[in-house]
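Here are the chains, one letter per residue:
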Amino acid sequence: MRIIYGGSFNPPTIAHKRMYYFLDDKLSFDEFIYLPVSTKYSKANLESNEDRFNMLNLLIKDMPKAQVSRDEFNDLTYLGTYNYLKTQSKDTLFVMGSDNLKTISSWINCDKLLSEFKFIVIERDSDNSEDLIEKDVLLKKNKENFIIFNDFDMSVSSSDYRCNKNESIIPNEVLEYIKTNHLYGGSNEK
């Protein structure tokens, strides 16, 4: 089994690392691929593709079944999750937070995405994934494609670092990279 974990990873946090161990314990996968979104994706304040790629590689250095993909960086425009997943084997699962259930109907090729692939949904905050699925016609039609986990107990977000500079949520190697490269509003003096 292969697990794809997409996101901005801006920056990678201890929760991104813990997700690997959590899902390996639950599902015992063969491969875990971090798929950072390209800067071509319309999300404000993304650090460069190269910096996020480098930080993710620091994050996974002790994780034997993990790798970081550059695949979305090579696209001339943002093509969406479906275009990436259709290049993967059928035993691939895509990880997303329950907050994405609220917006997935706006994703590129969402009909095909939801009907052709399986998803691991990690409940966040007070979300109830089963209720979200039941209330949305498209999600409900494809509910057999969702594996829901409500026991991932780490609610940490990259924005906690970007907004508050909460260093405790960033792995040491990644934090050192951030400081050395003056990312996220750090000093421009080198």
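In what follows, the structure referred to is the one given above.
Residues numbered from 1 in each chain as written. Predicted model: local features only at pLDDT ≥ 70, side-chain atom pairs only at ≥ 80, totals over all residues. Heavy atoms only, no water.

Q: Tell me about helix α1 (residues 14–27), residues and numbers included.
A: When the terminal C-alpha atoms of α1 are compared, their 20 Å separation across 14 residues agrees well with the 20 Å that a helix rising 1.5 Å per residue should span. Residues of α1 that are buried include every one of Ala15, His16, Met19, Tyr20, Phe22 and Leu23, and no others. Taking the backbone nitrogen of Ala15 as reference, a side-chain oxygen 3.1 Å away marks Thr13 as the first, capping residue of α1. Residue Ser28 follows α1 closely and has a positive phi angle near 50°. (Helix = DSSP H or I, 4+ residues; strand = E, 2+ residues; numbered from the N terminus. Expected span 1.5 Å × (residues − 1). Buried < 20%, exposed > 50% of the residue type's maximum accessible area, 1.4 Å probe, protein only. Polar contact = N/O pair within 3.5 Å; in protein donor to acceptor, adjacent residues only side chain to side chain.)

Q: So, the pattern of salt bridges: which residues are in play, and what are the values?
A: What the rule picks out here adds up to 11 salt bridges. Residue Lys140 pairs with Glu134 through a salt bridge whose shortest N-O separation is 3.4 Å. Beyond isolated ion pairs, a larger network of salt bridges with shared partners links Glu134, Lys140 and Lys143. (Salt bridge = Lys/Arg side-chain N within 4 Å of Asp/Glu carboxyl O.)

Q: Help me get a handle on the nonpolar core, residues and values and all.
A: The biggest cluster of nonpolar side chains holds 37 residues, and the ones touching the most others in it are Met19, Leu23, Phe32, Tyr34 and Ile122. Contributions of two or more residues to this core are made by β1 (2–7), α1, β2 (31–36), α2 (49–59), β3 (66–68), β4 (92–97), β5 (118–122) and α8 (172–180). The element best represented in this core is α1, accounting for 5 residues. Setting aside its immediate chain neighbours within four residues, Phe32 contacts Ile3, Tyr5, Met19, Tyr20, Leu23, Lys65, Ala66 and Gln67. Judged by nonpolar contacts, the second largest core, of 20 residues, contains Tyr82, Tyr84, Phe94 and Leu113. (Core = buried A, V, L, I, M, F, W, Y, C linked by side-chain atoms within 4.5 Å. Contact = heavy atoms within 4.5 Å.)

Q: Can you lay out the sheet that holds β1 for me, pointing to particular residues and giving the numbers?
A: Taken in spatial order, the 6 strands make up an open sheet running β3-β2-β1-β4-β5-β6, and their pairing is parallel. With one partner strand each, in any of the chains shown, β3 and β6 (146–149) form the two edges of the open sheet. With direction set aside, neighbouring strand axes in the sheet form an average angle of 25°. In this sheet, β2 lies alongside β1 in parallel orientation, the contact comprising 6 bridges. Counted as the bridge partner of Arg2 is Glu31 from β2. Contacts between α1 and the sheet are confined to β1, β2, β3, β4, β5 and β6, with β2 contributing the most and set at about 150° to the helix. Packing against the sheet, α2 makes contact with β2 and β3, and its axis sits at approximately 155° to β2. (Pairing = 2+ DSSP bridges. Axes fitted to C-alpha atoms, helices over the stretch in contact; angles between N-to-C directions.)

Q: Describe in detail the packing of aromatic side chains, supporting the description with residues and values.
A: Counting across every chain of the model gives 15 aromatic pairs. With a centroid separation of 5.3 Å and an interplanar angle of 65°, the aromatic rings of Tyr20 and Phe29 are classed as edge-to-face. Geometrically, the ring pair formed by Phe22 and Phe152 is edge-to-face, given 5.1 Å between the ring centres and 70° between the ring planes. You can see Phe22 sitting in helix α1 and its partner Phe152 sitting in the loop between β6 and α7 (158–164), a full 130 residues away along the chain. A relative accessible area of 12% means that Phe22 is categorised as buried. Residue class for Phe152 comes out buried when judged on its relative accessible area of 12%. When the ring centre of Phe29 is taken as reference, the NZ or CZ atom of Lys65 above it lies at 4.8 Å. (Phe/Tyr/Trp six-rings, centres within 6.5 Å; stacked < 30°, edge-to-face > 60°. Lys NZ or Arg CZ within 6 Å of the ring centre and 35° of its normal.)

Q: Could you give an account of the side chain of His16, with specific residues and numbers?
A: As for its position among the elements, His16 is in helix α1. Of the polar contacts made by the side chain of His16, one reaches the backbone nitrogen of Thr13; its length is 2.8 Å. Sequence-distant contacts of His16, defined by excluding residues within four places in its chain, comprise Tyr5, Phe9, Pro11, Tyr34, Leu59 and Ser158.

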